[in-house]
Amino acid sequence: MVTLRISGIDCYYGSIKALDNVTFSAREGEVVGILGPNGSGKTTLLRAVSRTLKPRVGTVFLDDINIYDIKSREVAKKVAVVPQETTATFDFTALDIVLMGRNPYIDRFRMESREDLAIAKRVMELTHTWHFAERPVNELSGGEKQLVAIARALTQEPKVLLLDEPTTHLDISHQIEIMDLLRKVCKEKKLVVLAVFHDFNLAARYCDSVMLLSNGSVFSIGLTGEVLNGENIKRVFHVEMIVRRHPITDSLYVIPLSISRSKIAPSKDMIVHMICGHGAGAPLMKLLLEHGYGVTAGVLSTLDPDHDAACTLDIPAVSEAPFSPITEENHKANLAMIDGAKVIVVSNVPFGYGNLKNLEAAKAALERGKTTVIVEETPIQQRDFTNGKAQGLFKELKSKGAITVESCKEALSIIKALKNSA
Amino acid sequence: MNLSEAEAAYFKRLARWKIIVILLTLTLILTITFAVTIGPMHIPPLDTYKIIIKNIPFLGDLVGGESSSIEEVVVLQVRLPRVLAAAIVGIALAVAGVVLQGLLRNPMADPYIISISAGASLGASLAITFGIGLSFFGFLYSVPLMAFVIALGTVLLVYSIARTGQGVPMLTLLLVGIAVNSFLLAITAVIRWVSGEAMYLIMAWMFGSLVICNWNYVGLALPFIIIGVAVIYVFARDLNIILLGEEQARHLGVDIEMLKRIMLASATLITAAAVSISGIIGFIGLIIPHIARILVGPDHRILIPSSALAGAIVLILCDTIARTIVRPAELPVGIITALLGCPFFVYLIRKRKRSVIW
């Protein structure tokens, strides 16, 4: 059982502290992602584990051996490093480069043996690099070079594999190829894989556990699903993120939002209430927030994408249990919210018997003198599933002075005009 | 490609390396035998060989025949030591060039880059101008010993200025080397300025010439060059790996700082030994490694021996031209290496369409 244990290390560059009391351990067959903003100490941590930068306090153990107590040759048999990019400015073939991985095993006065060659071949087949073994490495593409670098690391027959943003310079198909490969190798060869990522989605998809670094210390560490949540990412990176589990890959995916609410405080006196659902309202919610309007929403089913959006964007909303018609109680709560708003927007939602009450709420709003904007990207006839009742309500709304527009952008410009005239 | 094919290809390459070394060694022997027959005094080639063989223990007994003592003196005491001096100086400069280009990962590096040449020039100028006498085993070697000692001292100075707590950053070493180089050349210029008649001698020394090389000089430089080149060859694989970059080399178990110290010390020693007997011969240490890289590839296990042999061959040929082309006078061999080496090098670069030489 291979265990990598980092116990309370402090690393310095001169007098600048780069790592502060970092402790964690990883076991064989585990892919650990290291994430954090630039300058948070990710690469420094890799350097400490690869015996390149000796910590001033604490140390690194591999199976209870302090790696700073043994020779660098011995460490090279246990720990291999794949750099971010190989700057190959010379004419070695791919096989030459991979065989360099055998260096810690070959005595000074010996050449590579048949066994070394066999190991190199096995690893190169695993990494799909064997077919260009004889080609000069500086004629290879970036992705191929990176595969060669991984092959070289694996010929060291390490127990720990360290990678510093291994896919940063590669296109998407090579990113996936390399990460699939690394995960496979990690499980089959029982390695501890420690990799620095900038891409949350790659990390979320391929890491068993994740360490979030912030200013040189561990902000959070644990299973990927636990560590990578919107709150953690927001606090470490100061960026709003949507974190979801993808229905197909069943891995987390992370999408950064362009706004940071901490920067723009939503207006209190220009509140827009959105009658939406089915994902039709989310884009306008985001637009309105970005332009500094207060937003409320209702009534939304808790399984609705717009409900998700409202939660992510911290928008107050009245919510209803899934697949249930709107109750009288929630309808009233919705009307109360409408009372607090200046403008009501009816999004391009399909209407069924479940959410018909929302249209009645809009009618009530008009009757109370609120400006109502209808976004009608699709004609109501095509999204009325109430045998004409919704169409009837729509007609009423329009006759009572609701403004009809064809897109979210138009709605936004009307709301802007209203604000300016007010 | 299956494993046995790969093995075959791999071991075929090892065989090819052996053939390259054997062919170059034969060429070197041929070059030496050719060069010793050339000179102002006409001695038929056959007689030349007889004289040489006669003086090899055991083998000499098989060859009879008389030859006049004056011819024997010319061949054995003038031509042969000079040709051998050219050979060992060529070996030293080419190997030191390979090492420094690899260590600095800079194709423009040459053996003189960390100011060995400026130090040696200063030493030689002092010795020539002020007639400082230094003897060694009863012989007077003022110029070579001063050149040698001050060259080593200069590199030591550069090294200790460049050193930091963590080691010696190669770029710092390069920059300090350039600065010290300019400074020492300025001092040398001052000495030359005040040296009066000795100025010509200093100029000749700084162009590089093998004219003074006798057996004593060969004996003075040879031990350093043999030991230095042998040590460097032992670290050939490490020199390959350092081409990946220092940090990656460290990850492959190379003790970088130790490697740098040993390589710098060895390269400095062999360069200083060569320079002390030959003066500053340019271009061999810069160009031969590149030519060898183009011909045999970047692997130092073949690059070092082939550069060494090629360096010896080329310098012997250049020296032969230098001492015959304007007979009875002589040109400094440094001029010939530059005049012939540079156009040939440019030709090789142009011929090779790929931009990478290195």
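Residues numbered from 1 in each chain as written. Chains lettered and ligands numbered in written order. Predicted model: local features only at pLDDT ≥ 70, side-chain atom pairs only at ≥ 80, totals over all residues.

Asks: Looking at this model, I keep getting lost on the overall build of chain B. Mind explaining?
Replies: A count of helices and strands for chain B gives 15 helices and two strands. Expected size for 358 residues packed as a compact globule is a radius of gyration near 21 Å; at 21 Å, chain B falls within 12% of this value. Across its three principal directions, the C-alpha atoms of chain B cover 65 × 60 × 40 Å. Put simply, chain B has 358 residues, and 48% of those count as buried. Residue pairs in contact within chain B that sit at least 24 positions apart in sequence constitute 76% of those at least 6 positions apart. (Helix = DSSP H or I, 4+ residues; strand = E, 2+ residues; numbered from the N terminus. Rg over C-alpha atoms; globule rule 2.2 N^0.38 Å. Buried ≥ 20, exposed ≤ 12 C-beta atoms within 10 Å, placed from the backbone. Contact = placed C-beta atoms within 7 Å.)

Asks: Help me understand the sheet that holds strand S6 (residues 79-82) of chain A, please; the structure alone is not making it clear to me.
Replies: Backbone hydrogen bonds hold the strands of a sheet together, and the pairing may be parallel or antiparallel. Residue and element names in this part refer to chain A. Pairing is mixed in the open sheet, where six strands are placed in the order S6-S7-S8-S3-S9-S10. Each edge of the open sheet is held by one strand with a lone partner, namely S6 and strand S10 (217-223). Across the sheet, the mean angle from the axis of one strand to that of its neighbour is 15°, orientation sign disregarded. Looking at chain direction, strand S9 (residues 209-214) and S10 are connected through six bridges and run antiparallel. Considered in S10, the bridge of Ser214 is made with Ser217. Across the face of the sheet, helix H1 (residues 42-49) comes into contact with strand S3 (30-35), S6, strand S7 (160-164), strand S8 (192-196) and S9 while running at roughly 150° to S8. Packing of helix H5 (residues 142-155) onto the sheet brings it into contact with S6 and S7, and relative to S6 it is tilted by some 175°. (Pairing = 2+ DSSP bridges. Axes fitted to C-alpha atoms, helices over the stretch in contact; angles between N-to-C directions.)

Asks: What is the right way to look at the pairing of S3(A) in this model?
Replies: One face of the sheet, then the other: side chains in a regular strand alternate in exactly this way. Residues and elements named next belong to chain A. Burial analysis of S3 places six of its six residues in the buried class, the great majority of the element. Alternating residues of S3 divide into Glu30, Val32 and Ile34 and Val31, Gly33 and Leu35, and every residue in both groups is buried. Bridge count for S3 against S8 is five bridges, and the pairing is parallel. Residue pairing in the sheet places Val32 in a bridge with Leu194 of S8. In this sheet, S9 lies alongside S3 in parallel orientation, the contact comprising four bridges. Pairing of Ile34 across the sheet is with Met211, part of S9.

Asks: Hey, could you run me through the domain arrangement of chain A in this one?
Replies: It is common to give the size of an interface as the accessible area lost on bringing the parts into contact. Once the domains are mapped, chain A shows domain 1 (3-256) and domain 2 (271-421). In this structure, domain 1 of chain A and domain 2 of chain A have C-alpha centres spaced 49 Å apart. (Domains from an automatic or database assignment.)

Asks: Hey, could you run me through the environment of Arg152(A) in this one?
Replies: Checked against the element boundaries, Arg152(A) lands in helix H5. With sequence-adjacent residues up to four places away left out, Arg152(A) is seen in contact with Ile97(A), Val98(A), Met100(A) and Gly101(A).

Asks: Please explain the sheet that holds strand S1 (residues 3-13) of chain A as it appears in this structure.
Replies: All names here are of chain A. Reading across the sheet, the four strands line up as S2-S1-S4-S5 and stay open at both edges, with antiparallel pairing between neighbours. In this open sheet, the two edge strands, each paired with only one partner strand, are strand S2 (16-27) and strand S5 (65-66). Pairing of S1 with S2 involves eight bridges; the strand directions are antiparallel. Looking at S2, one finds that Arg5 is bridged to Ser25. With respect to the sheet, H1 is in contact with S1, S2 and strand S4 (57-62), its orientation differing from that of S2 by roughly 65°.

Asks: Help me understand the pairing of strand S15 (residues 317-320) of chain A in this model?
Replies: Residues and elements named next belong to chain A. In this sheet, S15 lies alongside strand S14 (residues 294-301) in parallel orientation, the contact comprising three bridges. Along S15, the bridge assignment pairs Ala297 with Ala317. Tracing the backbone out of S14, into helix H11 (residues 305-312) and back to the parallel element S15 gives a crossover that is right-handed. (Right-handed = clockwise from strand over helix to strand, strands pointing away.)

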